[in-house]
Amino acid sequence: MVKPIVVLEDITKSYKIGKVTYEVLKGINLEVYPGEFVAIMGPSGGGKSTLLNIIGLLDKPTSGKYFLEGVEVSDLSKKELARLRNQKIGFIFQAFHLIPWATAMENVLMPLLYRKEGIKKEDVKRAEELLTRLGLGDRLDARPAELSGGQQQRVAIARALINQPKLLLADEPTGNLDTKSSEEVLKIFEELNQTGLTIIMVTHDPEVAQRAQRIKTIRDGKFIE
Ligand SMILES: Nc1ncnc2c1ncn2[C@@H]1O[C@H](COP(=O)(O)OP(=O)(O)OP(=O)(O)O)[C@@H](O)[C@H]1O
Ligand SMILES: [Mg+2]
């Protein structure tokens, strides 16, 4: 039997501002299976990024249980979480979050600097292959400012893939892109998904969400059925 890669059980998240507590997520349940492509939609401020950050181990829920490949993550230390994140999860953001002084190649290799082994020859080869596959074979030494938005997002995708993650998380990946570049990014997602990569993508754009196999919508802190 195939086991889910992500299981969320009654996840809540509240923020305390002064004496007031804001409940952003009010009981989220979700199962995502290997090879799925899921879109998460909902209004601005609805908690989409908060949820994705929890799934990506960048943030902790206030209550509820999260199993990543069967492992309950709430008891793990910061160090263990960082290791798990680095091993299993690739993250893509709306604003690319590339390092401005580093080249495309250096940006892609950056996640490997956190490993004990450091960067090996074959890593450099893989980074080059990834960038080439994403149409940037002739821009390996370009810095982010010398690249278009779509090209920068493709560098970010290559960076997210360098550790061969099981799970790709994308928060409004086309939010800063024109129609053509958005289309390129969505095509890449579809291709990656077809090779077996599990993808969870946050978007407020229904057309973008349609590219996923399954759409979940957050309303008032919960998924609507
Ligand atoms: N660190 C924080 N401290 C306090 N409140 C926060 C924090 N992070 C998020 N919030 C609040 O939680 C709510 C949900 O934010 P979130 O960024 O998850 O929404 P979103 O659905 O991603 O919105 P958008 O579509 O605009 O990106 C918002 O009201 C936001 O102000
Ligand atoms: Mg957001």
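Small disclaimer: the values here were computed from a predicted structure and weren't measured.

**Focus on the overall build of the protein chain**
Okay, step 1: Tallying secondary structure elements over the protein chain gives 7 helices and 10 strands in all.
Okay, step 2: Against the globule reference of 17 Å for 225 residues, the protein chain gives a C-alpha radius of gyration of 18 Å, in line with a compact fold.
Okay, step 3: Each principal axis of the C-alpha distribution contributes one length, and for the protein chain these read about 50 × 45 × 40 Å.
Okay, step 4: Expressed as a percentage of the 225 residues in the protein chain, the buried residues total 50%.
Okay, step 5: Per element, the accessible surface of the protein chain, about 11,800 Å² overall, is 51% carbon and sulfur.
Okay, step 6: One way to put it: in the protein chain the 32 positive side-chain charges average out to a point 5 Å from where the 30 negative ones average out.

**Side note on the pattern of salt bridges**
Okay, step 1: Under the definition given, this model contains 10 salt bridges.
Okay, step 2: In this structure, Glu 184 and Lys 180 form a salt bridge, with 3.6 Å as the shortest nitrogen-oxygen distance. In this pair, Glu 184 and Lys 180 both sit in helix H6 (residues 179-194), 4 residues apart, roughly one turn of the helix.
Okay, step 3: In this structure, the salt-bridge partner of Glu 190 is Arg 211, at a minimum N-O distance of 2.7 Å. Here Arg 211 lies in the loop between helix H7 (206-209) and strand E9 (214-219) and Glu 190 lies in helix H6, a separation of 21 residues in the sequence.
Okay, step 4: On the accessibility criterion, Glu 190 (23% relative accessible area) is partly exposed.

**Side note on the packing of helix H4 (residues 121-133) against helix H5 (residues 149-161)**
Okay, step 1: It is the contact of H4 with H5, at a shortest axis distance of 9 Å, that shows an interaxial angle of 140°. By the angle between their axes, H4 is oblique relative to H5. In this structure, H4 meets H5 at a crossing whose hand is right-handed. For the pair H4 and H5, the contacting residues are Arg 126, Leu 130 and Leu 131 in the first and Val 155, Ala 158 and Leu 161 in the second.
Okay, step 2: Partitioned by chemical class, the residues of the contact of H4 with H5 number 5 nonpolar, no polar and 1 charged.

**Some points on the nonpolar core**
Looking at soluble globular proteins, one finds that nonpolar side chains tend to be buried together.
Okay, step 1: Judged by nonpolar contacts, the single largest core of 40 residues is most densely connected at Leu 131, Val 155, Ile 157, Leu 168, Phe 189 and Met 201.
Okay, step 2: When residues of this core are traced back to their parent elements, those giving at least two are strand E3 (37-41), helix H3 (104-109), H4, H5, strand E7 (167-171), H6, strand E8 (198-202) and H7.
Okay, step 3: In terms of residue count, H5 provides more of this core than any other element does, 6 residues in total.
Okay, step 4: Those residues within four positions of Leu 131 in sequence are excluded, and the remaining contacts are Ala 104, Met 105, Val 108, Leu 136, Gly 137, Leu 140, Val 155 and Ala 158.

**Here's the deal with the sheet that holds E9**
Okay, step 1: Taken in spatial order, the 6 strands make up an open sheet running E6-E7-E8-E3-E9-E10, and their pairing is mixed. At either end of the open sheet lies a strand with only one pairing partner, and these are strand E6 (89-92) and strand E10 (222-223).
Okay, step 2: With 5 bridges connecting them, E7 and E8 associate as parallel partners. In the sheet register, Asp 171 faces E8, and the bridge partner there is Val 202.
Okay, step 3: Docked against the sheet, helix H1 (residues 48-55) engages E3, E6, E7, E8, E9 and E10, running at close to 155° with respect to E7.
Okay, step 4: Sheet strands touched by H5: E6 and E7. Its angle to E6, the strand with the most contacts, is close to 165°.

**Considering the environment of Leu 109**
Okay, step 1: By the element assignment, Leu 109 lies in helix H3.
Okay, step 2: Sequence spacing of Leu 109 and Ile 119 is 10 residues, and the spatial spacing of their C-alpha atoms is 7.5 Å.
Okay, step 3: Apart from residues no more than four positions distant in its own chain, Leu 109 is found in contact with Ile 119, Asp 123, Val 124 and Ala 127.

**Comments concerning the site of ligand 1**
Okay, step 1: Close to ligand 1 lie Tyr 15, Val 24, Pro 43, Ser 44, Gly 45, Gly 46, Gly 47, Lys 48, Ser 49 and Thr 50, which account for all nearby residues.
Okay, step 2: Gly 46 places a main-chain nitrogen or oxygen 3.2 Å from an oxygen atom of ligand 1.
Okay, step 3: Among the elements that line the shell around ligand 1, the one with the most residues is H1, at 3 residues.
Okay, step 4: Among the residues forming the shell around ligand 1, the class breakdown is 3 nonpolar, 6 polar and 1 charged.

**Here we look at the side chain of Lys 216**
Okay, step 1: The topology assignment puts Lys 216 in strand E9.
Okay, step 2: Filtering out sequence-adjacent residues up to four positions away, Lys 216 remains in contact with Leu 30, Val 38, Ala 39, Ile 40, Met 41 and Phe 223.

The rules behind the values
Residues numbered from 1 in each chain as written. Chains lettered and ligands numbered in written order. Predicted model: local features only at pLDDT ≥ 70, side-chain atom pairs only at ≥ 80, totals over all residues. Heavy atoms only, no water. Helix = DSSP H or I, 4+ residues; strand = E, 2+ residues; numbered from the N terminus. Rg over C-alpha atoms; globule rule 2.2 N^0.38 Å. Buried < 20%, exposed > 50% of the residue type's maximum accessible area, 1.4 Å probe, protein only. Areas by Shrake-Rupley, 256 points an atom, 1.4 Å probe, with all protein chains shown as cover. Lys, Arg positive; Asp, Glu negative; His and termini not counted. Charge placed at Lys NZ, Arg CZ, Asp CG, Glu CD. Salt bridge = Lys/Arg side-chain N within 4 Å of Asp/Glu carboxyl O. Axes fitted to C-alpha atoms, helices over the stretch in contact; angles between N-to-C directions. Parallel < 35°, antiparallel > 145°, perpendicular 65-115°, else oblique. Left-handed = near helix turned anticlockwise from the far one by under 90°. Contact = heavy atoms within 4.5 Å. Nonpolar A, V, L, I, M, F, W, Y, C, P; charged D, E, K, R; others polar. Core = buried A, V, L, I, M, F, W, Y, C linked by side-chain atoms within 4.5 Å. Pairing = 2+ DSSP bridges. Near = heavy atom within 4 Å. Polar contact = N/O pair within 3.5 Å; in protein donor to acceptor, adjacent residues only side chain to side chain.

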